[in-house]
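# Commentary on secondary and tertiary structure
What follows is the residue order along each chain.
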Amino acid sequence: MSVLNIVKFPAPVLKEKAEPIVEIDEDVQALIDDMIETILADEKSVGLAANQVGVTRRLIVVELQRYDENRNEDEEEKVREITAIINPEIVSSEGEIIYEEGCLSFPGLHFDVKRAEAVKVTGLDREGNAIELDLNGFGAVLLQHEIDHLDGILFIDRVSWVKRDLIKRKYKRMMQEREDENKPA
Ligand code: NI
């Protein structure tokens, strides 16, 4: 297993539509292991889509328990539980929620996005068993964000063009500053 390099905006692969996985073979298993290792390597990561590691296949890994209100405090000590979902699909959605989102492909950027408050998601687990998840709040937001990645849709595409323009300029400035900091004096 290895920690993979995360592709940053504006890499073209982030705008590509990922292909469905037809066979859960060794390559898919290895990709799942590596994506889980990648998310575990960063305490703040809660979700990752295959496009973000440069692979255009329909696979996401998510930490659904992170903001579970029913989770008791002792569980903080527990090992983080990461779920892999192959060919995830939103089959129904309901309501509206505004949530502050971040994205590993946009380091340092956070802003409010409006999405459905509840979703039903279907897909396959790594053994090929059918999964059906009913999620709301944070879990619903997370799944919508990650499944969007598989369709080449980014969280900046989910805000008005005025806001998108401002966010893009802010991001560009942040990336430039980061570059300048890393330049030898
Ligand atoms: Ni993201």
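Residues numbered from 1 in each chain as written. Predicted model: local features only at pLDDT ≥ 70, side-chain atom pairs only at ≥ 80, totals over all residues. Heavy atoms only, no water.

## Some thoughts on the coordination of the nickel ion
Taken together, the protein donors to the nickel ion comprise Cys103 (SG), His145 (NE2) and His149 (NE2), at separations of 2.1 to 2.2 Å. Counting residues between consecutive donors of the nickel ion along the chain gives the motif C-x41-H-x3-H. With His145 and His149 both in helix α2 (residues 138–150), this residue pair falls 4 residues apart, about one helical turn. Residue His145 is classed as buried on the basis of its relative accessible area of 6%. By relative accessible area, His149 is classed as buried at 1%. (Donors = N, O, S within 2.8 Å, 3.2 Å for Na, K, Ca; no water. Helix = DSSP H or I, 4+ residues; strand = E, 2+ residues; numbered from the N terminus. Buried < 20%, exposed > 50% of the residue type's maximum accessible area, 1.4 Å probe, protein only.)

## Considering a nonpolar patch on the surface
Together, Trp161, Val162 and Leu166 give the surface a local cluster of nonpolar side chains, amounting to about 370 Å² of exposed area. Secondary-structure assignment places Trp161 in helix α3 (residues 161–182). (Patch = residues over 30% accessible without salt bridge, like charges linked within 9 Å, V, L, I, M, F, W, Y side chains within 5 Å. Areas by Shrake-Rupley, 256 points an atom, 1.4 Å probe, with all protein chains shown as cover. Salt bridge = Lys/Arg side-chain N within 4 Å of Asp/Glu carboxyl O.)

## Description of the side chain of Asn51
Here Asn51 is to be found in the loop between β1 (47–49) and β2 (59–62). Asn51 sits in the buried class, given a relative accessible area of 0%. Contact partners of Asn51, with chain neighbours within four places excluded, come to Val7, Val13, Leu14, Glu16, Ala18, His149 and Leu150. (Contact = heavy atoms within 4.5 Å.)

## Focus: the environment of Leu104
Among the secondary structure elements, Leu104 is positioned in the loop between β4 (97–102) and β5 (110–115). Separated by 98 residues in the primary sequence, Leu104 and Ile6 have C-alpha atoms spaced 7.2 Å apart. Excluding its chain neighbours within four sequence positions, the residues that come into contact with Leu104 are Ile6, Lys8, Asp42, Ser45, Gly47, Leu48 and Gln52.

## Side note on helix α1 (residues 26–40)
An α-helix turns once every 3.6 residues. As a result, residues three or four positions apart point the same way. Look at α1: 21 Å from first C-alpha to last across 15 residues, which is about the 21 Å you get at 1.5 Å a residue. Those residues of α1 that are buried are in contact with β1, β2 and β3 (83–94). (Expected span 1.5 Å × (residues − 1).)

## Some thoughts on the packing of aromatic side chains
Within the structure shown, the criterion is met by 6 aromatic pairs. Ring plane angle 65° and centroid distance 5.7 Å describe the contact between Phe9 and Tyr171, whose orientation is recorded as edge-to-face. With a gap of 162 residues between them, Phe9 in the segment before α1 and Tyr171 in helix α3 connect regions that are remote in the sequence. Here Phe9 falls in the buried class, since its relative accessible area comes to 16%. (Phe/Tyr/Trp six-rings, centres within 6.5 Å; stacked < 30°, edge-to-face > 60°.)

## Topic: the pairing of strand β6 (residues 118–124)
Here β6 shows one buried face, formed by Val119, Val121 and Gly123, and one open face, formed by Ala118, Lys120, Thr122 and Leu124. Relative to β6, β3 runs antiparallel, the two sharing 6 bridges. Directly across from Glu94, in β6, lies its bridge partner Ala118. One ladder, built from 7 bridges, connects β6 with strand β7 (residues 130–136); its direction is antiparallel. Bridged to Ala118 within β7 is Asn136. Linking β6 back to β7 in an antiparallel pair, the connection comprises 5 residues, with Gly128 at a positive phi of about 90°. (Pairing = 2+ DSSP bridges.)

## Quick notes on α2
Look at α2: 19 Å from first C-alpha to last across 13 residues, which is about the 18 Å you get at 1.5 Å a residue. The element α2 is extensively covered by neighbouring structure, given that 13 of its 13 residues are classed as buried. Downstream of α2 by a residue or two, Gly152 has a phi angle that is positive, lying close to 75°.

## As for the nonpolar core
Residues Ile60, Val62, Leu64, Ile85, Leu135 and Leu143 are the most contacted members of the largest nonpolar core, which totals 19 residues. When contributions to this core are tallied by element, the ones reaching two or more residues are β2, β6, β7 and α2. Considering each element in turn, this core owes the most residues, 6 residues, to α2. With near-sequence residues (within four places) excluded, Leu64 lies in contact with Thr83, Leu133, Leu135, Phe138, Gly139, Leu142 and Leu143. (Core = buried A, V, L, I, M, F, W, Y, C linked by side-chain atoms within 4.5 Å.)

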